[in-house]
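Reading the structure
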Amino acid sequence: MPLSNKHLLGLQGIPKEDIQLILDTTKTFREVLDRPIKKVPTLQGKTVVNLFFENSTRTRISFELAEKRLSADAVNFSVSTSSVSKGETFKDTIRNIEAMKVDMVVARHSAAGTPLFLTQICDASIINAGDGIHEHPTQALLDMYSIKEKLGKIEGLKVCIVGDIAHSRVALSNIYGLITMGAKVSVCGPSTMIPRYIQDLGVDVIYNIDEAIQENDVLNVLRIQLERKAREYFPSIREYAKFFGITEERLEKNGKDILILHPGPINRGVELSSSVADGLNQIILQQVTNGVAVRMAVLYLLGTMN
Amino acid sequence: MKIILKNVNIINPEQGLKESKTNILLGNGKIVKIGELTSDDVKGEKKEFDLSGKYVVPGFFDMHVHLREPGREDEETVITGCQSAAQGGFTGLACMPNTEPAIDSAEVVSLIKKQAKDQLTDVFIIGAATLGRKGEIISPMAELRESGVVGFSDDGVAIKTASILKRAMEYSGMYNLPIIEHCEDETLAGGAMNEGINSTKLGLPPVPSVAEELIVGRDILMAEYTNGKIHIAHISTKKSVEMVRQAKKSGIKVTAEVTPHHFSLTDDYIKTYDTNYKMNPPLRTKADVDEVIKGLKDGTIDCIASDHAPHSPEEKEVEFEFAPNGIIGLETQIGLALTELYHKKVLSLEQIIEKMVINPRKILNIPVPKIQTGEIANLTILDPDEVWTVDLDNFKSKSRNSPFNKRLLTGRALGVINKGKIHFNGEYFSF
């Protein structure tokens, strides 16, 4: 059974069957990654362009590796959006790429909606690798895969996304995906970092991190992007760490086993204390490996549709 | 040459005029006779139009137009803007001062006037309220007025500080000219769409409705304090309408306009990141649209104005966040008003005329054209029932940024008459 759409622009409105198929396929590729020879010929002869209008070494390398493991021809195309005529650069670049007869485009852009824009001007399958503060579907898929790997299921679990929800593309994709897969989703963070109408998406809002720890099976802790504007949304790093940081004492006080995910890289002493971060090293690295497998699954499913 | 408009209905609420199935004889740019025409009346070179079932009303007036000249003649010029206005049914318009350079000197005013001289549509000019629209020093308002400016605005932004606003209102008050405000708090501005569930879903940076309301509130208070005239441009939120309603009850000299897109569209339309739905103020929610319509009905909102804002395709066909704000509106405005307000029984034809003919002129102290023997013929010919499809390819505007392409509308201006010129159904001639 193929996916219902030739693009992966986000997890909003994606049917449960599609997500299930991607997660099942991920499992197969995850096994490939444990073999001595980690390469399969599945996408031989297909060309994939990694079109990055915004710097992201981790996501790009993860996609690139996934493409190479599938034997696709991978090309990296990095363009700075800081040039004056942003719009022209974008459209002109797309026209160039279209002329190169590529099969798939993996796109990362600082502006929301650009993957959809791409589908309108280009024939290739488009995979969203993060658009502005909108969606980052493969990150959410790998988070879901990691949850399933650790806890055996997603349905019925209580998952809380912690941190800067308003400026996160990971949060929105996680919310859509997890709700579709039957999880109960909440968000926790300072009110200035929580979108005003987020409850309309069917999530609960928690302002107390202890309550978030007590009531959930999984915490997906987002990185506080200290280098971005987000820094203006709370009084100080100290205050953030004190009231929203996850520390060993907090976990012990609430006395329960809870799965903590983090998309990395961690700000030690901010969203996670150093000791909690150390304890999590293993799963965070597993998330990275799972990321390659999830991206292989998505590339494979979209690349073999026709 | 004589022009004969036969079997027309005439309406002008300003004169208390309402006649059906009558005739109008025009000559030398003027109204020569209304009523039964004798064979003597119609003798000689003439052109006759049978307008059974159509309406002749005083020329429509759009008080919020961006002509882009000087500065962005690639997007619109005074001449193409006037042609677009005539095509859309307008015999008069007021153009906004956010040009390059801004309209803050008599020289720029005379440049625009010179360009507009031979056009059917009369161009009135709104001067910048502050030098360069920077919000630091008030513009030479007296000199601008002397050169023909009819109001002041820093449109595109609100007048930057309360202290400059106070000065601008006091100074323009000497001449009884209005300050027209684009109401948006600078520190909350900069988002790409209205803050709401849709901005969250689309991941677009939001601008909250309170950004508009803060300045509406500030301006109303300042109008009361200075006893000046404030006009709220493109009002768009529920709370703004409520504040204006309340202020009017208290006798404060505040007026307001709304654009057709703010009474006919909501932010639900932005689903596909189509930049033709990006404007400032942004499209709001259904609750806001409902209140705007209520405000039109109860008279809180005085006028309908297009905020005609031409942009080149290169500028508009980009990522939503990077696209400039605004859409063109001159050629869809009457159709949208008739479709959404007249045919949906929100406003009568008389009320439409009040909001698109009479009130904008009154706010700017411009005489309302009369339909009466001896007067200059300044008229719009209206067919409120014609069903037509918007086709951007036929637009006279130089730009194409409209979200209304292919929309089915009921009601249209068939033609305009002014300054001894007629533009009727694609035909263009003088008499």
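Residues numbered from 1 in each chain as written. Chains lettered and ligands numbered in written order. Predicted model: local features only at pLDDT ≥ 70, side-chain atom pairs only at ≥ 80, totals over all residues.

Remarks on the overall build of chain B
The number of helices and strands found in chain B is twelve helices and 19 strands. Split into buried and exposed, the 431 residues of chain B put 58% on the buried side. (Helix = DSSP H or I, 4+ residues; strand = E, 2+ residues; numbered from the N terminus. Buried ≥ 20, exposed ≤ 12 C-beta atoms within 10 Å, placed from the backbone.)

Digging into the overall build of chain A
Helices and strands together make up the secondary structure of chain A, namely ten helices and nine strands. For a compact globule of 306 residues, the expected C-alpha radius of gyration is about 19 Å, and chain A comes in at 19 Å, within 12% of that figure. For chain A, the C-alpha atoms occupy an extent of roughly 60 × 45 × 35 Å along the three principal directions. When each of the 306 residues of chain A is scored for burial, the buried share is 48%. In chain A, once contacts between residues fewer than 6 apart in sequence are set aside, the share between residues at least 24 apart is 75%. (Rg over C-alpha atoms; globule rule 2.2 N^0.38 Å. Contact = placed C-beta atoms within 7 Å.)

Details of the sheet that holds strand β1 (residues 47-52) of chain A
Residues and elements named next belong to chain A. In spatial order, the strands read β2-β1-β3-β4; together these four strands make up an open sheet with parallel pairing. If you trace the sheet from one side to the other, it starts and ends with β2 (73-78) and β4 (125-131), each paired once. Taking each pair of neighbouring strands and ignoring which way they run, the sheet shows an average axis angle of 15°. As paired strands, β1 and β2 are joined by six bridges and run parallel to one another. (Pairing = 2+ DSSP bridges. Axes fitted to C-alpha atoms, helices over the stretch in contact; angles between N-to-C directions.)

Details of the nonpolar core
As a rule of thumb, nonpolar side chains are buried together in soluble globular proteins. One finds V105 and L299 of chain A together with V56, A94, C95 and I125 of chain B to be the most contacted residues of the largest nonpolar core, which totals 220 residues. Take this core: its biggest share by element is 13 residues, from helix α10 (residues 274-303) of chain A. (Core = buried A, V, L, I, M, F, W, Y, C linked by C-beta atoms within 7 Å.)

Structural notes on the domain arrangement of chain A
Residues and elements named next belong to chain A. According to the domain assignment, chain A consists of domain 1 (16-135 + 291-303) and domain 2 (137-288). Domain 1 and domain 2 are separated by 25 Å when their C-alpha centres are compared. Counting from both sides, the interface comprises 17 residues of domain 1 and, opposite them, 17 residues of domain 2. If you list the elements that add at least two residues to the side of domain 1 that touches domain 2, you get α1 (16-32), β4 and α10. Per element, the largest residue contribution to the side of domain 1 that touches domain 2 is five residues, and it comes from α1. (Domains from an automatic or database assignment.)

Some words on the domain arrangement of chain B
All names here are of chain B. Here chain B is described as being made up of domain 1 (2-56 + 372-430) and domain 2 (59-363). Using only C-alpha atoms to locate each centre, domain 1 and domain 2 end up separated by 27 Å. With 28 residues of domain 1 in contact, the opposing surface of domain 2 contributes 43 residues. Of all the elements in the fold, those that place two or more residues in the side of domain 1 that touches domain 2 are β16 (379-389), β17 (408-418) and β18 (421-424). A total of seven residues in the side of domain 1 that touches domain 2 trace back to one element, the largest contributor, which is β17.

What to know about helix α6 (residues 210-226) of chain B
Residue and element names in this part refer to chain B. The end-to-end C-alpha distance of α6 is 24 Å, a good match for the 24 Å that 17 residues give at a rise of 1.5 Å each. All buried positions along α6 are accounted for by A211, E212, E213, I215, V216, D219, I220, M222, A223 and T226. Contact partners of the buried residues in α6: α4 (162-173), β10 (179-181), β12 (206-207), β13 (230-232), α7 (238-249) and β14 (254-258). Following α6 by one or two positions, N227 has its phi on the positive side, about 60°. (Expected span 1.5 Å × (residues − 1).)

Thoughts on the sheet that holds strand β8 (residues 218-221) of chain A
All names here are of chain A. Pairing within the open sheet is parallel, and its five strands lie in the order β7-β6-β5-β8-β9. The outermost strands of the open sheet, each flanked by one partner alone, are β7 (204-206) and β9 (259-261). The mean inter-strand angle of the sheet, taken between neighbouring strand axes irrespective of direction, is 25°. Here strand β6 (residues 184-188) runs beside β7; their pairing, made up of three bridges, is parallel.

Thoughts on unusual backbone geometry
Here the amide bond leading from G264 of chain A into P265 of chain A is cis, since omega sits at -10°, within 30 degrees of zero. Position of P265 of chain A relative to the elements: it lies in the loop between β9 and α10. Here the bond from N280 of chain B into P281 of chain B is cis, since omega is 0°, no more than 30 degrees from zero. Looking at the element boundaries, P281 of chain B is found in the loop between α8 (260-264) and α9 (286-298). The backbone of S71 of chain A shows a phi angle near 70°, a positive value even though the residue is not glycine. Residue placement: S71 of chain A occurs in the loop between α2 (57-69) and β2.

With respect to the pairing of β17 of chain B
Residue and element names in this part refer to chain B. Burial of β17 is extensive: eight of the eleven residues sit out of reach of the surface. Of the pairings in the sheet, the one linking β16 to β17 comprises eight bridges and is antiparallel in character. Note that in β17 the partner of W388 across the bridge is L409. Where β17 and β18 come together, four bridges link them in antiparallel fashion. Bridging across to β18, V416 finds its partner in H423.

Remarks on the environment of K239 of chain B
Residues and elements named next belong to chain B. The residue K239 is located in helix α7 in this model. As for K239 and T389, which are separated by 150 residues in sequence, their C-alpha atoms are 34 Å apart. Residues contacting K239, with those up to four places away along its chain left out, are S209 and E213.

Re the pairing of strand β5 (residues 55-58) of chain B
All names here are of chain B. Alignment of strand β1 (residues 2-12) against β5, held across two bridges, turns out to be parallel. Note that in β5 the partner of N9 across the bridge is Y55. As paired strands, β5 and β16 are joined by four bridges and run antiparallel to one another. Its bridge partner being in β16, P58 is matched across the sheet by L379.

Some words on the environment of L177 of chain B
Tracing the sequence through the fold places L177 of chain B in the loop between α4 and β10. Separated by 27 residues in the primary sequence, L177 of chain B and V150 of chain B place their C-alpha atoms 6.5 Å from one another.

A few points about the packing of helix α5 (residues 137-151) of chain A against helix α6 (residues 169-180) of chain A
Residue and element names in this part refer to chain A. Running from N to C, α5 and α6 cross one another at 55°; their axes reach a closest spacing of 8 Å. The orientation of α5 with respect to α6, classified from their angle, is oblique. Where α5 crosses over α6, the handedness of that crossing is right-handed. Every residue of α6 that contacts α5 at P137, Q139, A140, L141, D143 and M144 is listed here: V170, S173, N174, G177 and L178. Of the residues that constitute the contact of α5 with α6, the class distribution is six nonpolar, four polar and one charged. (Parallel < 35°, antiparallel > 145°, perpendicular 65-115°, else oblique. Left-handed = near helix turned anticlockwise from the far one by under 90°. Nonpolar A, V, L, I, M, F, W, Y, C, P; charged D, E, K, R; others polar.)

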